Amino acid sequence: KQPDLKFYIYGSNPSEEIEALASDNIIVVGFVKNLDDVFHNHKVIVAPLLSGAGIKGKVLEAMSYGAPQVLTSVAAEATGLSNKISAWINDDSKLLAEGVLELCNNEDLWNKFSENSKILVEEMYSEEKGIEMMRKVFEFVGVYTK
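Bear in mind the structure is a predicted one, so any value in this text is a computation, not a measurement.

Trainee: Would you mind going over unusual backbone geometry in detail, with residue names and values included?
Mentor: At Asn 13, a position not held by glycine, the phi torsion is positive, near 50°. By secondary structure assignment, the location of Asn 13 is in the loop between strand E1 (7-10) and helix H1 (16-19). Here Asn 13 falls in the exposed class, since its relative accessible area comes to 72%. Phi at Lys 84 takes a positive value of approximately 65°, unusual for a residue other than glycine. Position of Lys 84 relative to the elements: it lies in the loop between helix H4 (73-76) and strand E5 (88-89). The exposure class of Lys 84 is partly exposed, given its relative accessible area of 43%.

Trainee: Any chance you could break down helix H3 (residues 57-65) for me, citing the residues and the numbers?
Mentor: Those residues of H3 that fall on the buried side of the exposure criterion are Val 59, Leu 60, Ala 62 and Met 63. Down the axis, H3 shows its buried residues gathered within 160° of arc, on one side only. Packing partners of the buried residues in H3 comprise helix H2 (36-41), strand E3 (45-47), strand E4 (69-71), H4 and helix H6 (107-125). Note on H3: the residue one or two positions beyond its end, Gly 66, has a positive phi of about 75°.

Rules and cut-offs
- Residues numbered from 1 in each chain as written.
- Predicted model: local features only at pLDDT ≥ 70, side-chain atom pairs only at ≥ 80, totals over all residues.
- Heavy atoms only, no water.
- Helix = DSSP H or I, 4+ residues; strand = E, 2+ residues; numbered from the N terminus.
- Buried < 20%, exposed > 50% of the residue type's maximum accessible area, 1.4 Å probe, protein only.
- Arc of directions from axis to C-beta.
- Contact = heavy atoms within 4.5 Å.

As structure tokens, this is what we get:
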């Protein structure tokens, strides 16, 4: 639908199956030491994870950069992200592709996801929030009192 779009694949030790996808429009990069360039230089981050448990660190990191994301429900798990409010979340591959195109072409939606994911990070994952949560745990077990 958009032949000029380029899709970059990052991740250590890409499989032969992933390597075989390489073309003019699909660039298999593999491992990168510093994700700053990834989050700053790409319009949309895609995490089509099919397995895994708990919060995915790279999803949170992308949120902190305000990088809009297209995610499976596994990738979005426990992050607080909401479909079509702060990310595009779906487990159907065609609908994931639709999300990529929508975010590449709809500036209002891109800005909405970017802003909402940054707000979510500040409200749920900031240093201050972490300290507050740890204080509550310590108070609960009787190690800390006000």
